[in-house]
Amino acid sequence: MAESVERLQQRVEELERELAQERSRRALGGGDGGGGRARIEKMSPEVVDSNPYSRLMALKRMGIVSDYELLLFDYDKVELANMNRLFFQPHQAGLSKVQAAEHTLRNINPDVLFEVHNYNITTVENFEHFMNRISNGGLEEGKPVDLVLSCVDNFEARMTINTACNELGQTWMESGVSENAVSGHIQLIIPGESACFACAPPLVVAANIDEKTLKREGVCAASLPTTMGVVAGILVQNVLKFLLNFGTVSFYLGYNAMQDFFPTMSMKPNPQCDDRNCRKQQEEYKKKVAALPTQEVVQEEEEIIHDDNEWGIELVSEVSEEELKNSSGPIPDLPEGITVAYTVPQKQEDSVPEVTVEDSGESLEDLMAKMKNM
Ligand SMILES: [Zn+2]
């Protein structure tokens, strides 16, 4: 009860601040949306500089989305320390991050529909609501969202998103930047198909470190807007590839800013994952794969018959069975799905002359003395 009263008070304060800002913008003649543009009902494919979609429409051949919707969840407030993200503005200090983000984004593009939730998703009550919006908050109300993006800075919030998405079977993308701000990663998680966040516990959990000890008052994590920008760019690029169906969508892509190293990999889910819904999704995925029609590749060997072979020419393979057997060297242990393209021929031991170096037992001094006498 006390918590909800406090939240209502915060909300009233936010609304008052928002109203004051809106009034000052209107007084300055900003008009609708604070100097922004009016909504566009339909995207125009016209390639003119006055069309805000002309650059996107150039990608039309790839298939472009006609409508967007963003649901934003966050409980933080904008602080002056956040200005280095180059997204929030000083006058937004004190506003909730979701509200400030909505203002900025709506001003840039009023055609996008936003729904913002200024709360902590890790509390029981909010978690229920969060789950509900994921499963019903799609563009068409009642339908699930296409994708959930995680851009959070703590383990607890990631685990909460993981729990929700495993239960709902919701595909999501996780992203993060290290505390020293020089490395980051993005990860695509398809419940049951790829490793979930709980399948491979990160260091914080594996080493059993209390996360609260990592975030101490006055001791703040570093933040480089450039690293953030690169990771955010990689994340959104992967989102576009996933939603618009082009290119190869990365399951995991790391970024090491010190060496400019971008490791990629994909991880299978852990059958012993702590999350029971992850294990359930794995079973369902297996069933789904088993039900798919198997594509059998039938290779018909064509026998070459020469009806009219007046010169008696015979086709003989240049490589005998024996030679083929000998050429198949040791096959390395490879992960599933990868096979060798060719093998290294085995060494023909009898053809290699044996070279032996006899140890004469002479010391270096003796050898030097011999050479001088030569
Ligand atoms: Zn898992």
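Residues numbered from 1 in each chain as written. Predicted model: local features only at pLDDT ≥ 70, side-chain atom pairs only at ≥ 80, totals over all residues.

A. Representation of the overall build of the chain. Summing up its helical and strand segments, the chain has 11 helices and seven strands in all. Here the chain, with 374 residues, has 17% of them falling under the buried criterion. Taking the intrachain contacts of the chain between residues at least 6 apart in sequence as the baseline, contacts between residues at least 24 apart amount to 58%. (Helix = DSSP H or I, 4+ residues; strand = E, 2+ residues; numbered from the N terminus. Buried ≥ 20, exposed ≤ 12 C-beta atoms within 10 Å, placed from the backbone. Contact = placed C-beta atoms within 7 Å.)

B. Representation of the pairing of strand β6 (residues 252-256) within the structure. The alternating pattern of β6 places Leu253 and Tyr255 on a buried face, while none of Tyr252, Gly254 and Asn256, on the opposite face, is buried. The sheet contact formed by strand β5 (residues 183-189) and β6 spans five bridges and is antiparallel. Residue pairing for β6: Ser183 is matched across the bridge by Asn256. Alignment of β6 against strand β7 (residues 264-265), held across two bridges, turns out to be antiparallel. By the bridge assignment, Leu253 is partnered in β7 with Thr264. (Pairing = 2+ DSSP bridges.)

C. Looking closely at the sheet that holds strand β3 (residues 148-150). Spatially, the five strands line up as an open sheet ordered β3-β4-β5-β6-β7, and their pairing is mixed. Two strands bound the open sheet, and with one partner strand each, they are β3 and β7. In the packing of helix α5 (residues 155-168) onto the sheet, contacts are made with β3, β4 (172-177) and β5, and the angle to β3 comes to roughly 160 degrees. (Axes fitted to C-alpha atoms, helices over the stretch in contact; angles between N-to-C directions.)

D. Geometry of the nonpolar core. In terms of nonpolar packing, the biggest core is built from 28 residues, with Val148, Cys165, Trp172, Met173, Ile189, Cys196 and Ala198 touching the most fellow members. Where this core is concerned, the elements lending two or more residues are α4 (124-136), β3, α5, β4, β5, α8 (225-244) and β6. In this view, Ala198 contacts Met159, Asn162, Cys273, Asp274, Asp275 and Cys278; residues no more than four positions away in its chain are not counted. Listed in part, the six residues of the second largest apolar core include Phe88, Leu95, Val98 and Ala101. (Core = buried A, V, L, I, M, F, W, Y, C linked by C-beta atoms within 7 Å.)

E. Quick peek at helix α3 (residues 97-108). Taking 1.5 Å per residue, 12 residues should reach 16 Å; α3 reaches 17 Å between its end C-alpha atoms and fits that length. Lys97, Val98, Gln99, Ala100, Ala101 and His103 are the residues of α3 that are buried. (Expected span 1.5 Å × (residues − 1).)

F. Fine view of the confidence of the model for the chain. On average, residues of the chain carry a pLDDT of 76, and 66% of them reach 70 or more. Counting interchain partners and residues more than four positions distant, the pLDDT-below-50 stretch residues 327-332 has 10 contacts. Contacts from residues 349-359, a stretch scored under 50 in pLDDT, to residues over four places away or in other chains number one contact. (pLDDT = per-residue confidence, 0-100.)

G. Representation of the packing of α4 against α5. At their nearest, the axes of α4 and α5 sit 10 Å apart, and the two run at 50 degrees to each other. As judged from the angle between their axes, α4 and α5 are oblique. In this structure, the crossing between α4 and α5 has a hand that is right-handed. In contact with Phe127, Phe130, Met131, Ile134 and Ser135 of α4, α5 contributes Thr160, Ala164 and Leu168. Taken together, the residues of the contact of α4 with α5 break down into six nonpolar, two polar and no charged. (Parallel < 35°, antiparallel > 145°, perpendicular 65-115°, else oblique. Left-handed = near helix turned anticlockwise from the far one by under 90°. Nonpolar A, V, L, I, M, F, W, Y, C, P; charged D, E, K, R; others polar.)

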